[in-house]
Amino acid sequence: MYFLIFGPILSVSSSNWVLCWSGKELGFFSLMPLLLMNNISTSKEVVLKYFSIQAFSSVLLFFSGMMIFGFLFKDVISILLFMLSMSLKLGFFPGHFWVPSVVSGLDWFSCCLILGPLKVAPFALLVVFLLVFPDLQLSVMFLGVLSAFYGSILGNNQTSVRGMIGSSSISHTGWMINALIFGYIWAYFLVYMLTLFMFLLMMMKMDYFSASMNLLSMSGLPPFLVFIMKINILFSMINMNVWVPVLILIIGSFISLIFYLKFSYSLILNMKNFRAFSLFLFFSLNLLGVFYIFFGGRF
């Protein structure tokens, strides 16, 4: 667990490409024993699939990264290989195919590890990449828009909560890609991770009512915090006059709202009891969105 936390920190704080890549691999390899240790419910086939995809993307990332950041070769092939490796690492379009199937075979704690800490270093590296290649921002933006739209469609085809969380991760990663270009990336990442971890914690505790409320928060309904992050991204995109991606993102949010409401309603039907403290904590955090709506413009 210490190495899982230390790896992304090493990648983010390093100014050397080899150390940056090594930090990501340190976090990745330290995750493997955690997925298998004392976890009978986790399928070994799922772990092997995740390992194979991530190892392949690590090879592509090392090769293309050395070409771009090490030898300063800025050819088309190196750029395409780098974007493909980032797509496989983060799970956005077109390298999103592994996320629902892998997450469906893991327990809640493993979902926290895969969908949380290991995404910090690739996002930070993608920020640096777009600073080096500002001309690629439009292409990366459309990849994020397609990821958000496809994740919303994929979520309606899921029948399990874990598969739905995987599809939701694809959609939210697409929003984070756009937040990376137009601002609010780390604020969006922090709010989404907080909401996701609270949802997974409530599912572990079998507090289904609080879990359904956190699921509604992830859908982006007002006045929850995720809605505040999404509306800030949309306002930034509108100020840049990119109307077509804005419309696609809004349509994708409406489509994803269908499966969020469906699964939250099914969780409420499975509710046997609820804990007042967790419900109070949830509403206290998310009602900060109401405070932002009414008072955020004055600060």
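As annotated in an unreviewed UniProt entry, the chain carries the name NADH-ubiquinone oxidoreductase chain 2 and is attributed to Ampullaceana balthica. What UniProt states about the chain under its Catalytic activity (unreviewed entry) heading is, verbatim, "a ubiquinone + NADH + 5 H(+)(in) = a ubiquinol + NAD(+) + 4 H(+)(out)". Among the UniProt annotations of the chain, the heading Sequence similarities (unreviewed entry) holds the following wording: "Belongs to the complex I subunit 2 family."

**Digging into the layout of surface pockets**
Looking at the largest pocket, its volume works out to about 240 Å³. Lining the largest pocket are 14 residues, and of these Ser219, Gly220, Phe227, Lys230 and Ser253 lie nearest its centre. With 5 residues, helix 13 (residues 243-269) is the largest single contributor of residues to the lining of the largest pocket. Taken together, the residues of the lining of the largest pocket sort by class into 10 nonpolar, 3 polar and 1 charged.

**Thoughts on the packing of helix 2 (residues 17-36) against helix 6 (residues 108-115)**
The geometry of helix 2 relative to helix 6 is characterised by a closest axis approach of 10 Å and an angle of 170° between their N-to-C directions. Regarding the angle of helix 2 to helix 6, the classification is roughly antiparallel. Only Ser110, Leu113 and Ile114 of helix 6 make contact with helix 2, whose side of the interface consists of Leu31, Leu34 and Leu35. Across the contact of helix 2 with helix 6, the residue classes tally to 5 nonpolar, 1 polar and no charged.

**A short note on the packing of aromatic side chains**
For the coordinates displayed, the defined rule picks out 14 aromatic pairs. Ring plane angle 25° and centroid distance 5.4 Å describe the contact between Trp17 and Phe69, whose orientation is recorded as stacked. Of this pair, Trp17 sits in helix 2 while Phe69 is found in helix 3 (residues 44-70), placing the two residues 52 residues apart along the sequence. The cationic tip of Lys74 hangs over the ring face of Phe133; the distance from NZ or CZ to the ring centre is 5.6 Å. Seen from the ring of Trp108, Arg162 lies directly overhead, with NZ or CZ sitting 4.1 Å from the centre.

**Describing the UniProt feature "transmembrane region" (unreviewed entry) in the chain**
Per the UniProt record, the feature "transmembrane region" (unreviewed entry) sits at residues 46-72, 79-99, 105-131, 138-155, 175-203, 215-236, 242-261 and 273-295. As a span, residues 215-236 carries 77% helix and 0% strand, and end to end its C-alpha atoms are 25 Å apart. With 95% helix and 0% strand, the stretch residues 242-261 has end C-alpha atoms that lie 29 Å from each other.

**Observations concerning helix 2**
Because the α-helix completes a turn every 3.6 residues, residues three or four places apart line up on one side. Over its 20 residues, helix 2 extends 30 Å from the first C-alpha to the last, a length consistent with the 28 Å expected when each residue adds 1.5 Å. All of the buried residues along helix 2 are Trp17, Cys20, Gly23, Lys24, Glu25, Gly27, Phe28, Ser30, Leu31, Met32, Leu34 and Leu35. Tucked into the core, helix 2 has its buried residues touching helix 1 (2-13), helix 3, helix 4 (76-90), helix 6 and helix 7 (120-132). Regarding helix 2, its N-cap is Asn16, as a side-chain oxygen of that residue lies 2.9 Å from the backbone nitrogen of Val18 further along.

**Notes on the environment of Met83**
You can see Met83 is positioned in helix 4. By relative accessible area, which is 11% here, Met83 ends up buried. Taking the C-alpha atoms as reference points, Met83 and Ser64, 19 residues apart in sequence, are found 9.1 Å from one another. The residues touching Met83, leaving out its near neighbours within four places in the chain, are Phe92, Leu126, Phe129, Val140 and Leu143.

**Thoughts on the side chain of Thr195**
Position of Thr195 among the secondary structure elements: in helix 10 (residues 185-204). In contact with Thr195, other than residues within four places in its own chain, are Asn214, Ser217, Met218 and Val226.

**Concerning the nonpolar core**
Counting 83 residues, the largest nonpolar core has Tyr50, Ile114, Leu126, Phe129, Phe199 and Leu215 as the members making the most contacts within it. Here this core gets 11 residues from one element, more than from any other, and that element is helix 10.

**Side note on helix 4**
Under the 1.5 Å per step criterion, the end-to-end length of helix 4 is 21 Å for 15 residues, consistent within 8% with the ideal 21 Å. All of the buried residues along helix 4 are Ser78, Ile79, Phe82, Met83, Ser85, Met86, Ser87, Leu88, Lys89 and Leu90. Gly91 occupies a position one or two residues after helix 4 and carries a positive phi of about 80°.

**Points about the pattern of salt bridges**
Within this structure, the stated rule accounts for 1 salt bridge. The closest approach of N and O atoms between Lys89 and Glu25, which form a salt bridge, is 3.5 Å. One end of the pair, Lys89, is in helix 4; the other, Glu25, is in helix 2, with 64 residues separating them in the sequence.

**Things to note about the packing of helix 9 (residues 161-182) against helix 12 (residues 225-239)**
Any two packed helices are characterised by how steeply their axes cross, that is the angle between the axes, and by the distance between the axes. Orientation of helix 9 relative to helix 12, taken along the N-to-C sense of each, is 50°, at an axis distance of 10 Å. When the axis of helix 9 is compared with that of helix 12, the two are oblique. As helix 9 runs across helix 12, the sense of the crossing is left-handed. Here helix 9 contributes His172, Trp175, Asn178, Ala179 and Phe182 to the contact with helix 12, which in turn contributes Val226, Lys230, Ile233, Leu234, Ser236 and Met237.

Criteria and thresholds
Residues numbered from 1 in each chain as written. Predicted model: local features only at pLDDT ≥ 70, side-chain atom pairs only at ≥ 80, totals over all residues. Heavy atoms only, no water. UniProt positions renumbered as here; feature names shortened; annotations may be inferred. 1 Å grid on protein atoms, 1.4 Å probe; cavity = no way out; pocket = protein on both sides within 12 Å on 5 of 7 lines; lining within 4 Å. Points joined across faces, edges and corners; volume = space filled by probe spheres on them. Helix = DSSP H or I, 4+ residues; strand = E, 2+ residues; numbered from the N terminus. Nonpolar A, V, L, I, M, F, W, Y, C, P; charged D, E, K, R; others polar. Axes fitted to C-alpha atoms, helices over the stretch in contact; angles between N-to-C directions. Parallel < 35°, antiparallel > 145°, perpendicular 65-115°, else oblique. Contact = heavy atoms within 4.5 Å. Phe/Tyr/Trp six-rings, centres within 6.5 Å; stacked < 30°, edge-to-face > 60°. Lys NZ or Arg CZ within 6 Å of the ring centre and 35° of its normal. Expected span 1.5 Å × (residues − 1). Buried < 20%, exposed > 50% of the residue type's maximum accessible area, 1.4 Å probe, protein only. Polar contact = N/O pair within 3.5 Å; in protein donor to acceptor, adjacent residues only side chain to side chain. Core = buried A, V, L, I, M, F, W, Y, C linked by side-chain atoms within 4.5 Å. Salt bridge = Lys/Arg side-chain N within 4 Å of Asp/Glu carboxyl O. Left-handed = near helix turned anticlockwise from the far one by under 90°.

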